[in-house]
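# Structural overview
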Amino acid sequence: MDDPNLVEIKDLHFRRGARVVFDGLSLTVPRGKITAIMGPSGSGKTTLLRIIGGQIKPDAGEIRVAGRDVGGLGRAELFELREDIGMLFQSSALFTDLTAFENVAFPLREHTDLPEDSIRDLVLMKLNAVGLRGARDLLPSQLSGGMARRVALARAIALDPQLLMYDEPFTGQDPIAMGVLLSLIKKLNGALNATSLLVSHDIHETASIADKIYIVADGKVVGEGHPDVLHDHPSSRIRQFVAGRPDGPVPFHYPADEFVYDVLGSGR
Amino acid sequence: MIGFLRGVGNRSLDRVAGVGRATLVLTAALWKVPRLSDVPLIVKQIYNVGVLSLVIVVLSAFCIGAVLALQFHTQLGKFGAQDAVGVGLALVLLRELGPVVTALLFAGRAGSAITAEIGLMKTTEQLSSMEMMGVDPLHRIVAPRLWAGFVSLPLLTAIFNVVAIYGGMIVAVEWMGGDQGRFWSGIQAEVDIWDDIGKGVVKSIAFAVVVTWIAVFQGYDTEPTPEGIGLATTRTVVVSSVMVLAIDFLLTLSMYGDFK
Ligand SMILES: Nc1ncnc2c1ncn2[C@@H]1O[C@H](COP(=O)(O)OP(=O)(O)O)[C@@H](O)[C@H]1O
Ligand SMILES: [Mg+2]
């Protein structure tokens, strides 16, 4: 039970059609810490979160969450496991026909038999934690992008999950909303006694809160360590990513013929 | 030539795989018998797919009834058989036009809306997030829409038939000066409970299953992009319209098969 790692992934293989998404990826998410997975767009970060939540079955590899083998769980056990996982989606994914209050109340109504006034107290508590108690009656269409993400965060923590997963929480946020999210992620991880797994390509924001960063490319972990260590990593590819340089070992150009051949129209 | 054949083969395989996925969605969604707590969800969907289709169904029914009565009145009038307008109208509507036209309208109004709604929920990750909250969207989102469609279309068909016959009566009696008593007594004498009304109901139930199933599946199977939603919505209307007409032909053949 006192396994130091909440999530363990061993030798994960997964392909979409002909495209290999994961090719022997292994990583661990230690309990109580904020772990970040970084990688360029399309490197399979969202897919990885879905595999951890059991929404997608990998081709091979072992996924353990809280000691349970996700691949071996039946449908009912899987849904049970997910009550222990809160996930913040890239697009917030609020239910568009429900108010902020009802969105946060949704998991409580589905999974508990609490009376209405307890639900109300809990929802207001969660909304208060993200600073949006006053916005409880607004519909998702009336919320700004940053507010919608915070409501979605309140919904993700409604059932006090052990594991919180964030899918690119900073993408498309203005600087203030970004700062708010950063401090919330940090605060909630401590307050809920939870474990956070954050997926992102915003290196500076991520480095400022993560305890450990994994860098994923070509379906594998190509670098791992404390954020500070990565700046001086021996691999030039990781230094390129961490410094955000457009060209380097990861080329700016998609593989193509020499430009002159294309211009002259003669092919190869 | 080989390329063409391969294309045909691949597309056929896609179709078969699609039917397979659609069957999985249907069985998984209907597997759990609705509980008492699901009733509000179903009622809400009956409002969305049924009540909101009422206006278009009533308007179309009235127009179609009126047009049919006009044609019947003039054509039958040539043989001095205006009194048969009521029966002709009732039989054509109950057996064929009522179920078919209502199903086509339903596919255009409610089917497309169901597909677009579920497709949008998929594209904006609402379905995924529901799944990650440990709530099965097949049970929570798909099943209520299926049940609502199954219930709504037969009821809409009944309303369509009543309104169309009424519209026809107004034209034949009030406008063309036919005899109201003979209009109704003809219907009363000739319309058979099973042969005309019962078989029409069977048809409308079959159409309800087919149209709702297609609409729900196209939404659930949408490619999660804005273009994907548009394509899926179009496919719902096209595929379900063609299926309704084809199935109507087969049902008419098998139920009224002894045409001489
Ligand atoms: N539903 C899907 N069908 C086919 N390919 C997909 C699908 N979803 C994602 N992919 C592909 O899988 C790869 C990883 O996607 P994703 O996990 O969304 O990447 P990220 O979140 O890192 O941007 C991408 O190349 C993407 O094109
Ligand atoms: Mg992603």
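Along each chain, numbering runs from 1 in the same order as the chain's sequence is written. As a convention, the first chain written is A and the first ligand written is 1, with the rest following in written order. Given that this is a predicted model, residues contribute local features only at a pLDDT of at least 70 and side-chain atom pairs are listed and counted only at 80 or more, while totals for whole chains, interfaces and linings are drawn from all residues. Working from all heavy atoms in the structure, the side-chain values ignore hydrogens and water.

This part takes up the interface of chain B and chain A. Contacts were defined at the residue level, with two residues in contact if any of their heavy atoms lie within 4.5 Å. Between chain B and chain A, the residue contacts involve 15 residues of the former and 22 residues of the latter. A quick way to say it: buried area is the sum, across both parts, of accessible area lost when two parts are put together, with a 1.4 Å probe. Each partner contributes to the roughly 1,800 Å² buried at the junction of chain B and chain A, and carbon and sulfur atoms together form 55% of this total. Considering only the side of chain B, the residues that lose the most area to chain A are E125, M132 and M133 of chain B, jointly responsible for 41% of the buried surface there. Basic side-chain nitrogens of Lys or Arg form a salt bridge, by our definition, when they fall within 4 Å of a carboxyl oxygen of Asp or Glu. One can count four salt bridges joining chain B with chain A. With a closest N to O distance of 2.2 Å, E110 of chain A and R140 of chain B form a salt bridge. Definition of a polar contact: a pair of N or O atoms within 3.5 Å, with one able to donate and the other able to accept a hydrogen when the atoms are protein atoms, and with sequence-neighbouring residues admitted only if both atoms are side-chain atoms. Linking chain B to chain A there are 14 residue pairs in polar contact (both at pLDDT 80 or more). Helix and strand definitions follow DSSP, with helices as H or I runs of at least four residues and strands as E runs of at least two, each counted in order from the N terminus. Contributing elements (two or more residues each) for the side of chain B that touches chain A: α5 (126–132) and α6 (137–175) of chain B. Counting residues per element, the side of chain B that touches chain A draws most heavily on α5 of chain B, at six residues. Three categories are distinguished: nonpolar for Ala, Val, Leu, Ile, Met, Phe, Trp, Tyr, Cys and Pro, charged for Asp, Glu, Lys and Arg, and polar for the others, with Gly belonging to the last. In terms of residue class, the side of chain B that touches chain A is made up of five nonpolar, five polar and five charged.

Take the pairing of strand β4 (residues 60–65) of chain A next. All names here are of chain A. For strand β1 (residues 5–16) and β4, the ladder comprises five bridges, and the chain directions are antiparallel. The residue of β4 that forms the bridge with H13 is A60. Each pair of strands is called paired provided DSSP finds at least two bridges between the two strands. Direction of pairing for β4 relative to strand β5 (residues 68–69): antiparallel, over a ladder of two bridges. Of the residues in β5, the one forming a bridge with V65 is R68. Counting the residues that bridge the hairpin from β4 to β5 gives two residues, and of these A66 lies at a positive phi of roughly 50°.

This brings us to the packing of helix α3 (residues 100–111) of chain A against helix α4 (residues 116–129) of chain A. Residue and element names in this part refer to chain A. Lines fitted to C-alpha atoms define the axes here, with helix axes fitted over just the stretch in contact, and angles between the N-to-C directions of these axes take values from 0 to 180 degrees. Closest axis-to-axis distance for the α3/α4 pair is 9 Å, and the angle between their directions is 125°. On the basis of their axis angle, the class for α3 and α4 is oblique. The crossing of α3 and α4 is right-handed. Along the contact surface, α3 presents F101, V104, A105, L108 and R109, while α4 presents E116, I119, R120, L122, V123, L124, K126 and L127. Class assignment of the residues belonging to the contact of α3 with α4 gives a composition of nine nonpolar, no polar and four charged. Small angles under 35 degrees read as roughly parallel and large ones over 145 as roughly antiparallel, with 65 to 115 read as roughly perpendicular and the rest as oblique. Here a crossing is taken to be left-handed if its near helix is turned anticlockwise relative to the far helix by less than a right angle, and right-handed if that turn runs clockwise.

Because an α-helix completes one turn every 3.6 residues, residues spaced three or four positions apart along the sequence face the same direction. All names here are of chain A. Buried residues dominate helix α1 (residues 45–52), accounting for seven of its eight residues. Within α1, burial applies to K45, T47, L48, L49, R50, I51 and I52. Of the residues one or two after α1, G54 is the one with positive phi, at around 75°. Residue burial is assigned from relative accessible area. The probe radius is 1.4 Å, only protein chains are included, and a residue is buried under 20% of its type maximum, exposed over 50%, and partly exposed in between.

Residue and element names in this part refer to chain A. Taken in spatial order, the four strands of this open sheet run β2-β1-β4-β5, and their pairing is antiparallel. The open sheet has two edge strands with one neighbour each: β2 (19–30) and β5. Contacts from α1 reach β1, β2 and β4, with the element oriented near 120° to β1.

Moving on, we come to the site of ligand 1. All names here are of chain A. Any residue with at least one heavy atom within 4 Å of a molecule or strand is counted as near it. Ligand 1 sits among R16, R19, V21, P40, S41, G42, S43, G44, K45, T46 and T47. The separation between a nitrogen atom of ligand 1 and a polar side-chain atom of R16 is 3.5 Å. R19 has a polar side-chain atom sitting 3.1 Å from an oxygen atom of ligand 1. In these tables, accessible area is a Shrake-Rupley quantity obtained with a 1.4 Å probe, and a residue counts as shielded only by the protein chains included in the view. The protein chains hide 60% of the 560 Å² of surface that ligand 1 would expose on its own. Contributing elements (two or more residues each) for the shell around ligand 1: β2 and α1. Partitioning the shell around ligand 1 into residue classes produces two nonpolar, six polar and three charged.

That is the geometry; function is a separate question.
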